[in-house]
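# Examining the three-dimensional arrangement
In case you want the letters, here they are:
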Amino acid sequence: MMTNDLMNTQSTKRFGRRAFVLGAGGAFAALALPGTAKAQGLTDLLARASDSALDKLAKPDAFYDDEDIRIKLPIVGSVGGGLLGGILGGSRGGLGVLGGVTRKINDAAGVAAGEAKPIFRESIGQLSLTDAPGIIRESDGGTQYLKSSAGDTLLGKLRPLVDTALGELGVYSEMDKLSERSRVVAQAGLTSDRVGSSVTDQALDGIFSYIGSEETNFRKSPLKNLGGLLGDVLR
């Protein structure tokens, strides 16, 4: 016949095991809630990654100083076999014709990046994250999903910001004057609309590149960098 002490001890052990199982089950259940929990976690991750990326790119010379994302004038027209970038970058008359326009268009991209947080936040908030587990497996899965799902929308919303920056920095007026004075620029078809479109395309590529890097860095130490539910989901 069991003593009361022995019965109490065994009862306590059984309760402890039950509590552990229930606790562990609750933890796994939270991770397996993925419809809501993981989707929300991924949304938070992308929002933080985009904010961080845009903050970095909004700093002076950020686009120009990074050769991987530096924005170049579009290669258009038939001049020099269509290699307008080479002509403007080094041949006789090319460098003198456009002077610091390349730096200015990179400055404009940085200004646009600094104004772009709301449009990225809006697009991220509207994502339908139907494949959360698949996105979690990739180090930049959220960024790639954002690019494929909302890339065209973001491009359209970024263009006005780029146009405004290019206008305020005098790039458009300078291009118009150069087209009137320079046969090279005029024949190349380097219009304000073409420049604005090219700068927007290249700026968005650079932004996505930085968001992807930020997402990857956040994932390396999720509890340290993100915390809370998001840290748990990405562990």
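Residues numbered from 1 in each chain as written. Predicted model: local features only at pLDDT ≥ 70, side-chain atom pairs only at ≥ 80, totals over all residues. Heavy atoms only, no water.

### Focus: the side chain of Asn106
Along the chain, Asn106 turns up in helix α6 (residues 101-115). In this structure, Asn106 is in contact with Phe63, Tyr64, Arg70 and Ile71, ignoring residues within four places of it in sequence. (Helix = DSSP H or I, 4+ residues; strand = E, 2+ residues; numbered from the N terminus. Contact = heavy atoms within 4.5 Å.)

### Describing the pattern of salt bridges
Here the structure, examined in full by the defined rule, presents nine salt bridges. A salt bridge links Arg219 to Glu215; the shortest N-O distance between them is 2.9 Å. Within this pair, Arg219 and its partner Glu215 are both found in helix α12 (residues 192-220), separated by four residues, close to a single helical turn. (Salt bridge = Lys/Arg side-chain N within 4 Å of Asp/Glu carboxyl O.)

### Examining unusual backbone geometry
Backbone geometry at Asp61 places phi at a positive 70°, although glycine is not the residue there. By the element assignment, Asp61 lies in the loop between α2 (37-57) and α3 (62-65). Taking the relative accessible area as the measure of exposure, Asp61 reaches 30% and is therefore partly exposed. (Buried < 20%, exposed > 50% of the residue type's maximum accessible area, 1.4 Å probe, protein only.)

### Observations regarding helix α10 (residues 171-181)
Along α10, the residues that are buried comprise Val171, Tyr172, Met175 and Leu178. Take α10 and look down its axis: the buried residues cluster within an arc of 125°, on one side only. Facing away from the buried side of α10 by over 90 degrees, the exposed positions are Glu180 and Arg181. (Arc of directions from axis to C-beta.)

### Digging into the packing of aromatic side chains
All chains considered together, the criterion is met by one aromatic pair. Positioned above the aromatic ring of Tyr64, the side-chain terminus of Arg70 is 4.4 Å from the ring centre. The cationic tip of Arg103 hangs over the ring face of Tyr64; the distance from NZ or CZ to the ring centre is 3.9 Å. (Phe/Tyr/Trp six-rings, centres within 6.5 Å; stacked < 30°, edge-to-face > 60°. Lys NZ or Arg CZ within 6 Å of the ring centre and 35° of its normal.)

### Some details on the nonpolar core
In this structure, Phe63, Ile105, Phe120, Leu146 and Leu158 are the most contacted members of the largest nonpolar core, which totals 50 residues. Elements represented by at least two residues in this core include exactly α2, α6, α7 (117-125), α8 (132-137), α9 (141-168), α10 and α12. The greatest single-element share of this core, amounting to nine residues, is contributed by α12. Setting aside residues no more than four positions away along its own chain, Leu158 makes contact with Ala112, Ala116, Ile119, Thr200, Ala203, Leu204 and Ile207. (Core = buried A, V, L, I, M, F, W, Y, C linked by side-chain atoms within 4.5 Å.)

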